[in-house]
Amino acid sequence: MSHDDAPDTTLTESVDWEDRTSGRVKRFLLFLERLTLRAERPVEAVVGKAQFNPLHHTGPISVFLFVVVFATGLYLTMFYRFGFEASYESVSDLEASLAGRFVRAAHRYGSIALVVTTVLHGWRTFVMDRFRGPRRVAWLTGVAMVGLVWIIGVTGYWLIWDERVEVLNEVLIRALRDSATGLDFLLDFVLTDAAGSGWPVLLLLFFLHVGISIGVAVLIWVHVKRLARPMWLPPSFWAAVVGVSVIIMSAVWPVGMLPALDRVSLPDSIPVDPFFLFLVPGGISWNPALLWGGALLLMAGAMFLPWLIRRGEAPAIEVDADRCTGCRLCVTDCPYDALHLIDLKDAAHPPLAVVTADKCVGCGICIGSCPVEALAFPGHPADALWNETRRAAADGDVTFVCERHDAHAADAAGHGTAIAVPCVGMVHPDLIGAAIDAGAGAVQVVGCPPGDCANREGPATLAARLNRKRRPRLRRRYREAPISADWVNPTRLATALAAPG
């Protein structure tokens with residue numbers, strides 16, 4: 001079966017490609033991903049190699065930044081006092097001290113960076129089609145966290161009670177003007193002398209700020225709890241780069257203080273934070289129902305996008321009980337914790353691998369770990385990939401590419417025949433050995449850079465197998481064979497094919 005964009009690519013008959021590659025939704029997502037990958041090329045050019053691209057680690061970097069923001073927030077909390085004047089004075093005192101000024105700046109810049117990385121992470125998740133099926137919960141919690149981080153940021157600005165708050169109060173008044181209960185609250189606790197020192201409303205804002213932050217921490221755990229081996233923090237290099245960047249910015253560019261709130265009149269102008277206060281201009285001049293109703297509708301649409309977009313899901317892997325030996329390799333390798341063993345006491349080999357269908361994303365990594373071809377996609381022969389590999393080896397070199405590379409491979413035509421699989425983790429080391437034995441002059445595997453795999457661990461898993469650091473290992477007799485692996489941006493397939501290794 002050939003691919004329209006890459007006539008030299010063979011799609012293995014071990015997979016139902018019709019469900020994976022067809023439809024307007026998939027074509028649209030591929031178009032967006034192609035634009036995204038091209039937009040990322042300057043970053044890749046600066047860092048030198050795709051493996052060092054920070055955009056591939058936006059999820060773990062976001063968690064790291066959240067830890068920074070949470071820790072600095074705890075420090076600031078120790079010096080915060082409640083009340084209209086007391087709150088402003090406590091923040092002003094922090095700004096007057098060297099440590100307080102630094103920590104406050106780190107809190108602000110970390111929060112801004114957190115917004116940027118979470119949005120980038122969500123966008124890349126969307127264009128890589130990693131938001132449907134078993135990944136719906138992760139998408140739902142991810143979008144919810146973006147909205148909650150925005151609320152945390154807005155309440156943080158409110159807690160300072162400087163002249164910016166007068167504008168925020170005006171936005172709130174316009175939003176609540178048709179609500180008698182809301183206006184009564186504002187009159188009693190914010191706008192008039194009945195509010196007294198203002199400690200109740202500042203205490204409420206503080207609890208919202210801190211409570212929602214704790215809620216985001218819980219959502220982070222829910223976000224990754226269905227994964228095996230979740231990557232909580234970025235590689236140490238990027239943790240150091242991000243941390244040092246926040247430190248330098250905090251030391252060189254303190255955030256400063258605006259004048260205290262003046263209830264008499266609105267300030268002529270205030271600096272608008274485009275990351276958290278971008279809705280403030282609209283809140284002043286637009287119809288509140290239109291603005292906030294539209295924002296809520298947009299957020300709800302984003303959260304429930306996986307249920308709104310209808311497209312065939314990749315079927316879950318099936319286990320051949322007669323072949324399964326209970327070796328546990330597939331259970332260990334599955335990135336989504338979708339496989340486990342059960343005991344069948346009356347069977348020749350009591351342990352049997354079982355697939356949890358609502359966790360399986362159909363990546364095929366477990367197929368690449370099975371030594372007895374006991375795992376396969378429904379309705380497709382487990383030995384099809386082996387037969388295709390031997391036929392290709394008889395004609396010359398053999399190349400395996402992942403689904404993403406095949407989808408973006410229009411510029412790779414003319415470099416020989418490549419066999420496309422959902423993920424390079426589906427390639428068993430013995431399959432590579434079979435290609436060598438069948439006459440292949442060389443075998444090349446082209447996959448995504450580590451950290452950018454659509455199935456999380458495919459390239460890293462295969463690399464460990466080929467380096468004999470993970471079972472199933474490449475057999476010793478093939479250690480000197482012409483086998484190469486290239487982890488490149490999916491738009492760079494032609495470059496990898498032209499210069500293997």
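Residues numbered from 1 in each chain as written. Predicted model: local features only at pLDDT ≥ 70, side-chain atom pairs only at ≥ 80, totals over all residues. Heavy atoms only, no water.

*Asks:* Give me the overall build of the protein: which residues, what numbers.
*Replies:* A count of helical and extended segments in the protein gives 20 helices and 10 strands. Across its three principal directions, the C-alpha atoms of the protein cover 85 × 50 × 40 Å. Taking as baseline every contact in the protein between residues at least 6 positions apart, the subset at least 24 positions apart corresponds to 78%. Here the protein has roughly 23500 Å² of accessible surface; of this, 62% comes from carbon and sulfur atoms. (Helix = DSSP H or I, 4+ residues; strand = E, 2+ residues; numbered from the N terminus. Contact = heavy atoms within 4.5 Å. Areas by Shrake-Rupley, 256 points an atom, 1.4 Å probe, with all protein chains shown as cover.)

*Asks:* So what about helix 9 (residues 180–191)? Which residues, and what values?
*Replies:* Inspection of helix 9 places Gly182, Leu186 and Val190 among the buried residues, and these make up the whole buried set. The arc enclosing the buried residues of helix 9, seen along the axis, measures out at 40°, which places them on a common side. Along helix 9, exposed side chains directed more than 90 degrees from the buried face belong to Ala180 and Thr181. Residues of helix 9 that are buried sit in contact with helix 5 (84–96), helix 8 (163–176) and helix 10 (199–224). (Buried < 20%, exposed > 50% of the residue type's maximum accessible area, 1.4 Å probe, protein only. Arc of directions from axis to C-beta.)

*Asks:* So what about a nonpolar patch on the surface? Which residues, and what values?
*Replies:* Together, Val244, Ile248, Met249, Val252 and Trp253 line one region of the surface with nonpolar side chains, adding up to about 470 Å² of accessible area. Relative to the helices and strands, isoleucine 248 is located in helix 11 (residues 236–252). Residue isoleucine 248 is classed as partly exposed on the basis of its relative accessible area of 46%. (Patch = residues over 30% accessible without salt bridge, like charges linked within 9 Å, V, L, I, M, F, W, Y side chains within 5 Å. Salt bridge = Lys/Arg side-chain N within 4 Å of Asp/Glu carboxyl O.)

*Asks:* A description of the pairing of strand 10 (residues 483–487) should follow, citing residues and the corresponding values.
*Replies:* Where strand 9 (residues 443–447) meets strand 10, 5 bridges bridge the pair, whose relative direction is parallel. Of the residues in strand 10, the one forming a bridge with glycine 447 is tryptophan 487. Of the crossover connections in this fold, the one passing from strand 9 over helix 19 (residues 458–466) to the parallel strand 10 is right-handed. (Pairing = 2+ DSSP bridges. Right-handed = clockwise from strand over helix to strand, strands pointing away.)

*Asks:* Break down the side chain of serine 369 for me, citing the residues and quoting the values.
*Replies:* For serine 369, the location among the structural elements is in the loop between strand 5 (351–355) and strand 6 (375–376). Polar contacts involving the side chain of serine 369 include one to the main-chain amide nitrogen of cysteine 330, which spans 3.5 Å. Ignoring any residue separated from it by four or fewer positions in sequence, one finds serine 369 in contact with Leu329, Cys330, Asp333, His428, Arg465 and Pro472. (Polar contact = N/O pair within 3.5 Å; in protein donor to acceptor, adjacent residues only side chain to side chain.)

*Asks:* Give me the lowdown on the pairing of strand 8 (residues 418–421), citing residues and values where you can.
*Replies:* Neither face of strand 8 is exposed, since Ala418 and Ala420 on one face and Ile419 and Val421 on the opposite face are all buried. Across 4 bridges, the pairing between strand 7 (residues 398–402) and strand 8 is parallel. Across the sheet, threonine 399 pairs through a bridge with alanine 418, a residue of strand 8.

*Asks:* Explain a positive patch on the surface residue by residue, including any values.
*Replies:* Together, Arg471, Arg473, Arg476 and Arg479 make up a positively charged patch on the protein surface. Its place among the elements puts arginine 471 in the loop between helix 19 and strand 10. Given the relative accessible area of 48%, arginine 471 is considered partly exposed. (Lys, Arg positive; Asp, Glu negative; His and termini not counted. Charge placed at Lys NZ, Arg CZ, Asp CG, Glu CD.)

*Asks:* Mind laying out the packing of helix 4 (residues 58–77) against helix 11, listing which residues take part and the relevant values?
*Replies:* Closest axis-to-axis distance for the helix 4/helix 11 pair is 11 Å, and the angle between their directions is 45°. When the axes of helix 4 and helix 11 are compared, the pair comes out oblique. In this structure, helix 4 crosses over helix 11, and the sense of that crossing is right-handed. Contacts between helix 4 and helix 11 pair Ile61, Phe64 and Leu65 from the former with Trp238, Ala239, Val242, Gly243 and Val246 from the latter. Each residue belonging to the contact of helix 4 with helix 11 can be placed in one class, and the counts come to 7 nonpolar, 1 polar and no charged. (Axes fitted to C-alpha atoms, helices over the stretch in contact; angles between N-to-C directions. Parallel < 35°, antiparallel > 145°, perpendicular 65-115°, else oblique. Left-handed = near helix turned anticlockwise from the far one by under 90°. Nonpolar A, V, L, I, M, F, W, Y, C, P; charged D, E, K, R; others polar.)

*Asks:* I'd like a description of the environment of proline 200, backed by residues and values.
*Replies:* By the element assignment, proline 200 lies in helix 10. Accessibility expressed as a relative area gives 28% for proline 200, which makes it partly exposed. Separated by 186 residues in sequence, proline 200 and serine 14 have C-alpha atoms that sit 64 Å apart.

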